[in-house]
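# Notes for the structure review
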Amino acid sequence: MHILHDQPAELYSTFRLKTRLATVIEVGCLADLEQIDSSSSAPLVLGEGSNTVFLQAQTRSIVRYTGANITETWLDDGHCLLHVEAGHNWHQLVTATVKRQLWGIENLALIPGSVGAAPVQNIGAYGVELADVCAYVDYYHWQTKSLQRLTTSDCNFGYRDSVFKHQLAGKGIIVAVGLNLTILARPVLSYQGLDKLPATSAVCDIYQQVIATRSSKLPDYRQLANCGSFFKNPVISGADYQRLQQRYPAIPGFKQHNSQVKVPAAWLIDQQGFKGYRHNDIGCYEKQPLVLVNYGNGCAEDLLTLIGQIQSKVCQAYQITLEPEVRLLNSDGQQYV
Ligand code: EPU
């Protein structure tokens, strides 16, 4: 276990607002977790910080699980269960599985962050989400100091949503994820950008295409600080969508199972003229305005101003309130609303 004091937040959040973190505790195994005193207040759990923005200096202790071992179990029918510890980097895991010709997470290539963070917001891209391959999540509870194995149905996965954001928020830490992969080809090519690939594509062709598509649209956080999509794509009723369509015939929408419609936040923001727009050192990325970027010296105030400007223009035009997808935290680790 490593305990680090007074750390620069830029090292722990890919949005890189300049502030300080009082204590960061890195734990590598369950025995380390058992030593953490959570009796007065539960620590804040952080992965690689690719979906977390520290708006203020953080006084709450932060815990990062760094164990990254993988164990695999083969089943007779060509299926493979990977047990991956939470500290493993997600993209490196995808790369390793693709190299071994395993199908299941190739569409999720290049998503920043750790394996432990993946179930929290049910990461998704190009027609696949974590829920499609997740066999279980191992969760350590601060209060009882015990480990629980949650099934996929216990996880209550939804669009960028899970039990870890609700009933289990702040209650513990994800220590491992079980993934169902297979050597049997099962390409998911429905999403725009992959739909030109032949149905016979190899798993590495899809992986390469996802990387090429993402790289052409999304900024690399190492070069330009960002947290990926900043807002969720709003899901509205079919009736509301039809009303909007009468006024804005070009508005895109994707039907969901329950007759609701998912509208791309990028379109709503783009139509309001935000592409490439900048408020001081915080802006909307020029190729994908749903991604907010920090040009280097952005501060929390600038970020909150830009969020407010985007939300109010979109709400005025479409009566839709955009919800941040990114976790915005105040000084005691609580979600800023
Ligand atoms: N669009 C515009 N202008 C733009 C870009 C996009 O109008 O500049 C519209 C187009 O209509 C386009 C639509 O937005 O068809 C959707 O755009 P895109 O395919 O880029 O996807 P997205 O909905 O903006 C989502 C995820 C991404 C994920 C991609 C690909 C969310 C909030 N975002 O973005 O996830 O990579 O689909 O599957 O669901 C992330 O969560 O950080 C993330 C990057």
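Let us look at the structure shown here. Just so it is clear, the structure is predicted and the values come from calculations on it, not from any experiment.

## Things to note about the overall build of the protein
Broken down by element type, the protein carries 7 helices and 20 strands. For 337 residues, the compact-globule estimate of 2.2 N^0.38 gives 20 Å, and the protein sits close to it at 20 Å. Projecting the C-alpha coordinates of the protein onto the three principal axes gives extents of approximately 60 × 50 × 35 Å. By the burial criterion, 50% of the 337 residues in the protein qualify as buried. A fraction of 63% describes how many contacts in the protein between residues 6 or more apart in sequence connect residues 24 or more apart.

## A word on a nonpolar patch on the surface
A surface patch of nonpolar side chains, amounting to about 290 Å² of accessible area, comprises W74, I183 and L184. When you line up the elements, L184 lands in the loop between strand 12 (172-182) and helix 4 (203-217). Note on L184: relative accessible area 45%, which makes it partly exposed.

## Some points on the pairing of strand 10 (residues 134-141)
Strand 10 sits mainly inside the fold: 7 of its 8 residues count as buried. Across 7 bridges, strand 10 lies against strand 12 in antiparallel orientation. Within the sheet, the bridge partner assigned to Y139 lies in strand 12 and is I174. Between the end of strand 10 and the start of strand 11 (residues 146-151), which pair antiparallel, lie 4 residues, with K145 showing a positive phi angle near 50°.

## Here's the deal with helix 7 (residues 300-318)
Residues that lie three or four places apart on an α-helix share one face, since the helix turns once every 3.6 residues. Taking 1.5 Å of rise per residue, the 19 residues of helix 7 would be expected to cover 27 Å, and the 27 Å separating its terminal C-alpha atoms lies within 8% of that figure. For helix 7, every residue scored as buried is listed here: A300, D302, L303, L306, I307, I310, V314, A317 and Y318. Projected down its long axis, helix 7 shows its buried positions confined to an angular sector of 165°, all on one face. Away from the buried face of helix 7 by more than 90 degrees, exposed residues E301 and Q316 are located.

## Focus: the site of the ligand
In the neighbourhood of the ligand, 23 residues make up the surrounding shell, with Y126, Y159, R160, N233 and D270 lying closest. In the environment of the ligand, an oxygen atom lies 2.7 Å from a nitrogen or oxygen atom belonging to the side chain of Y159. Within the side chain of D270, a nitrogen or oxygen atom sits 2.7 Å from a nitrogen atom of the ligand. For the ligand, whose accessible area on its own is 830 Å², the fraction buried by protein is 84%. For the shell around the ligand, the elements supplying multiple residues, two or more each, are helix 4, strand 13 (225-229) and helix 6 (265-271).

## Remarks on the pattern of salt bridges
By the definition in use, this model includes 11 salt bridges. A salt bridge links R100 to E72; the shortest N-O distance between them is 2.5 Å. Taken as a pair, R100 in the loop between helix 2 (90-99) and strand 8 (124-125) and E72 in strand 6 (residues 70-74) lie far apart in primary sequence, 28 residues in all. Across the pair D240 and R243 runs a salt bridge whose closest N-O atoms are separated by 2.3 Å. Placement of the pair is D240 and R243 together in helix 5 (residues 238-247), with a separation of 3 residues, close to one helical turn.

## Regarding the sheet that holds strand 14 (residues 235-236)
The strand order 14-16-15 describes an open sheet built from 3 strands, whose pairing is antiparallel. In the strand order of this sheet, the two ends are held by strand 14 and strand 15 (254-255), each with one partner. In terms of strand pairing, strand 14 meets strand 16 (residues 261-262) through 2 bridges, oriented antiparallel. Each residue of the ladder has a partner; that of V235, found in strand 16, is K262.

What counts, and at which threshold
Residues numbered from 1 in each chain as written. Predicted model: local features only at pLDDT ≥ 70, side-chain atom pairs only at ≥ 80, totals over all residues. Heavy atoms only, no water. Helix = DSSP H or I, 4+ residues; strand = E, 2+ residues; numbered from the N terminus. Rg over C-alpha atoms; globule rule 2.2 N^0.38 Å. Buried < 20%, exposed > 50% of the residue type's maximum accessible area, 1.4 Å probe, protein only. Contact = heavy atoms within 4.5 Å. Patch = residues over 30% accessible without salt bridge, like charges linked within 9 Å, V, L, I, M, F, W, Y side chains within 5 Å. Areas by Shrake-Rupley, 256 points an atom, 1.4 Å probe, with all protein chains shown as cover. Salt bridge = Lys/Arg side-chain N within 4 Å of Asp/Glu carboxyl O. Pairing = 2+ DSSP bridges. Expected span 1.5 Å × (residues − 1). Arc of directions from axis to C-beta. Near = heavy atom within 4 Å. Polar contact = N/O pair within 3.5 Å; in protein donor to acceptor, adjacent residues only side chain to side chain.

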